[in-house]
Amino acid sequence: MKKYKKLVNAGILSSAILFTTWGLNKLIFLSAGMKEMLFCENHYQYSWRFGSIFYTKKGSGSPVLLIHELKSTGSAAEWNSVINDLAKDHTVYALDLIGCGRSEKPKMTYTNYIYVQLINDFVKDVIGTKTDLVTSGSSSSIAIMSCYSEPGLYHRLMLVNPPSMKVMSKYPKANHKTLKYLMEVPLIGTTLYNFIHSRAMLLNNYKKSLMYPNRCMNKTIDTIYEASHLAGPASRYFYASERSHFTNINMLHALKKLNHSICIIGGEAEKDIEDIMDAYVFYNPSIETEKISGCKHYPHIEQKESFLSLCSVYLS
């Protein structure tokens, strides 16, 4: 009888813990969008094969497509500080990649090739003419592979702080596949996701690696926190793929073959940026490079005027 009671009590306790954890996760997702940092009046939806894609369109002139960093915290809001200025001379499109921000977040494995298909289809179906691409961080691989697969769709490329080709060549191994499986398990994966994407963790990462020292980043943290929690628990599926290297690709062959005008913009304080730019130029000598002082990973946020000045040169 005592053994039976112990089992019942253990069951009740376990159920209470599980229910409490579920409730806390639910509360986190519900509260994440309270500040409405991603609210946008003028926006559109592109009905793509894997889900609805959120995008904005501003200005007139030659088309420019802005692609935010391929991260679970990413969204087109990354370009908010420069999009209106760019729209003075260009028709500017900015989208939320599938699995990110305000776009649909289907429960699937995300790969680089999926994003290449998305960008190519978006240019053909929405923009409808040859366009320039401006990318941030890891999304540079999408641009390079898109231009390689359908070169006639693109004109110029601006790659802001692209990752090293060594990093992008990492592929999923057994431990990464295990991590992906764990992240996709209900409740466990959601709890891990919310811990990793807590405000404290995001702020620490930005202070340590992504933003220039002493830079005010409260608005940025609020924005990426909201972007990473839209769509609730489904948000973890993209993170599981990205963190496990499923979105990576070896783009060396494609980079060598590109004949497009390419410029790499690096933040002066970005880690290893000199070596990264030198490696890109080694494999494609036609690539031009520029560095912006007083910034790290996001020169378009931290040094807006310097970034726009370079855009006026390379996108004209």
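Residues numbered from 1 in each chain as written. Predicted model: local features only at pLDDT ≥ 70, side-chain atom pairs only at ≥ 80, totals over all residues. Heavy atoms only, no water.

A. Molecular detail of the nonpolar core. Judged by nonpolar contacts, the single largest core of 47 residues is most densely connected at L65, L97, I98, Y115, I119 and Y280. Per-element accounting of this core gives the leading share, 8 residues, to helix α3 (residues 112-127). If we ignore the near neighbours within four places in the chain, the residues touching I119 are L65, I67, L95, L97, L133, I142, S146 and Y154. Judged by nonpolar contacts, the second largest core, of 23 residues, contains W79, A87, A94 and V160. (Core = buried A, V, L, I, M, F, W, Y, C linked by side-chain atoms within 4.5 Å. Buried < 20%, exposed > 50% of the residue type's maximum accessible area, 1.4 Å probe, protein only. Helix = DSSP H or I, 4+ residues; strand = E, 2+ residues; numbered from the N terminus. Contact = heavy atoms within 4.5 Å.)

B. Spotlight on helix α7 (residues 188-196). Where α7 is concerned, the buried positions are G189, T190, Y193 and N194. Mapping the buried residues of α7 onto a view down its axis gives an arc of 130°, with all of them on the same face. (Arc of directions from axis to C-beta.)

C. Broad picture of the side chain of S103. Within the secondary structure, S103 is located in the loop between β4 (90-95) and α3. From its side chain, S103 meets the backbone nitrogen of F54 in a polar contact 2.9 Å long. In terms of polar contacts, S103 uses its side chain to reach the backbone carbonyl oxygen of D96, at 2.5 Å. Setting aside anything within four residues of it in sequence, one finds S103 in contact with S52, I53, F54, D96, L97 and I98. (Polar contact = N/O pair within 3.5 Å; in protein donor to acceptor, adjacent residues only side chain to side chain.)

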